[in-house]
Amino acid sequence: MSNALLHKLAVVMVITTTLNLGCVATWPVTSYESSAGLTARDISSNYEPGDARRYKAIGNNSADDTAELQKMLTANAGRAVVLTPGLTFRIAGTLSVSDGTTIYAYSATIRQTLNGVPILQGAGGDKITVLGGTWQGAGSGTAFTDADAGCIYFNKSGTDDPSDIRIEDAEVYDCSTG
């Protein structure tokens with residue numbers, strides 16, 4: 001066996017041993033989380049920064065995860081965040097996303113419980129990316145208060161239109177647009 005192959009095998013053995021022993025990596029509060037006012041009590045250090053579960057979102061399709069998801073988006077403004085695959089996050093309000101933020105939501109569901117309220121809104125509307133996910137509005141025919149609103153809404157104040165908005169591999173439905 002070559003030295004490179006032996007090294008790779010040794011790394012795999014160490015990782016496997018660590019996983020079998022039940023060791024879990026922990027991540028301390030980051031400087032940007034601290035800047036957003038979060039402390040160690042506000043997070044679950046078993047999950048990486050940007051993971052919805054770190055901010056105590058449940059994703060069980062019954063708990064209201066609005067505050068926890070907003071905490072995640074605020075603490076990671078302009079960075080990447082992950083909505084955990086396989087979970088359904090119920091919200092009762094609009095999540096505000098900052099410029100430069102990327103949301104990875106592959107195989108996750110975000111379900112709005114309030115009629116006529118957007119799920120996601122980017123006030124600045126520049127360089128925001130939403131990848132994947134099922135984004136479900138309350139959809140009972142109630143019109144949004146803003147005629148231009150929908151389940152995912154980007155509005156830039158002033159005369160400039162939003163720019164560099166990217167939404168890919170996402171299902172968006174049950175949205176009432178008035």
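This text goes with the structure placed above it.
Residues numbered from 1 in each chain as written. Predicted model: local features only at pLDDT ≥ 70, side-chain atom pairs only at ≥ 80, totals over all residues. Heavy atoms only, no water.

Engineer: Just give me the short version of the overall build of the protein, but keep the residues and values in it.
Structural biologist: The secondary structure content of the protein amounts to 3 helices and 12 strands. The burial tally for the protein puts 35% of its 178 residues in the buried class. Sequence-distant contacts, at least 24 apart, represent 59% of the contacts inside the protein between residues at least 6 apart. Counting only carbon and sulfur atoms, one obtains 51% of the accessible surface of the protein, whose full area is about 9500 Å². (Helix = DSSP H or I, 4+ residues; strand = E, 2+ residues; numbered from the N terminus. Buried < 20%, exposed > 50% of the residue type's maximum accessible area, 1.4 Å probe, protein only. Contact = heavy atoms within 4.5 Å. Areas by Shrake-Rupley, 256 points an atom, 1.4 Å probe, with all protein chains shown as cover.)

Engineer: Residues and numbers for the pairing of strand β3 (residues 88-91), please.
Structural biologist: Bridge count between strand β1 (residues 60-64) and β3: 2 bridges; the pairing is parallel. Note on β3: the bridge partner recorded for Asp 64 is Arg 90. Sheet topology note: the β3/strand β6 (residues 109-112) ladder contains 4 bridges and is parallel. In the strand pairing of β6, Arg 90 is matched with Arg 111. (Pairing = 2+ DSSP bridges.)

Engineer: Break down the sheet that holds strand β8 (residues 129-131) for me, with residues and values.
Structural biologist: Read from one edge of the open sheet, 4 strands run β2-β5-β8-β11, paired in parallel fashion. Each of the sheet's edge strands pairs with one partner strand only, and the pair in question is β2 (80-82) and β11 (166-168). Strand-to-strand twist of the sheet, defined as the mean angle between neighbouring strand axes without regard to direction, takes the value 10°. Of the pairings in the sheet, the one linking β2 to strand β5 (residues 102-104) comprises 3 bridges and is parallel in character. Each bridged residue has a counterpart across the sheet, and for Val 82 the counterpart in β5 is Tyr 104. (Axes fitted to C-alpha atoms, helices over the stretch in contact; angles between N-to-C directions.)

Engineer: Can you tell me about the sheet that holds β1, naming the residues and giving the values?
Structural biologist: Pairing is parallel in the open sheet, where 5 strands are placed in the order β1-β3-β6-β9-β12. Looking along the sheet, the strands with just one partner apiece sit at the ends: β1 and β12 (171-173). Within the sheet, the average angular offset between the axes of one strand and its neighbour, ignoring direction, is 15°.

Engineer: Can you explain the environment of Arg 54? Please cite residues and give values.
Structural biologist: Tracing the backbone shows Arg 54 in the loop between α2 (31-35) and β1. The class for Arg 54 is buried, based on a relative accessible area of 0%. Here the alpha-carbon distance between Arg 54 and Leu 69, two residues 15 residues apart in the chain, equals 9.9 Å. In contact with Arg 54, other than residues within four places in its own chain, are Trp 27, Pro 28, Val 29, Thr 30, Glu 33, Asp 42, Ile 43, Ser 44, Ser 45, Tyr 47, Glu 48 and Pro 49. Engagement of the side chain of Arg 54 in a polar contact is seen with the side chain of Glu 33, the distance being 2.7 Å. (Polar contact = N/O pair within 3.5 Å; in protein donor to acceptor, adjacent residues only side chain to side chain.)

Engineer: Before we move on, can you summarise the pattern of salt bridges with the specific residues and values?
Structural biologist: This structure, assessed with the given rule, holds 3 salt bridges. Here Asp 51 ties to Arg 53 by a salt bridge, and the two come within 2.8 Å at their closest N and O atoms. The exposure class assigned to Asp 51 is buried, which follows from its relative accessible area of 12%. Look at Arg 53 and you get partly exposed, because its relative accessible area is 30%. (Salt bridge = Lys/Arg side-chain N within 4 Å of Asp/Glu carboxyl O.)

Engineer: Before we move on, could you go through the pairing of β6 and cite the residues and values that matter?
Structural biologist: Moving residue by residue along a regular strand, the side chains alternate between the two faces of the sheet. In the sheet, β6 pairs with strand β9 (residues 134-136) via 3 bridges, with the strands oriented parallel. Residue pairing in the sheet places Ile 110 in a bridge with Trp 135 of β9.

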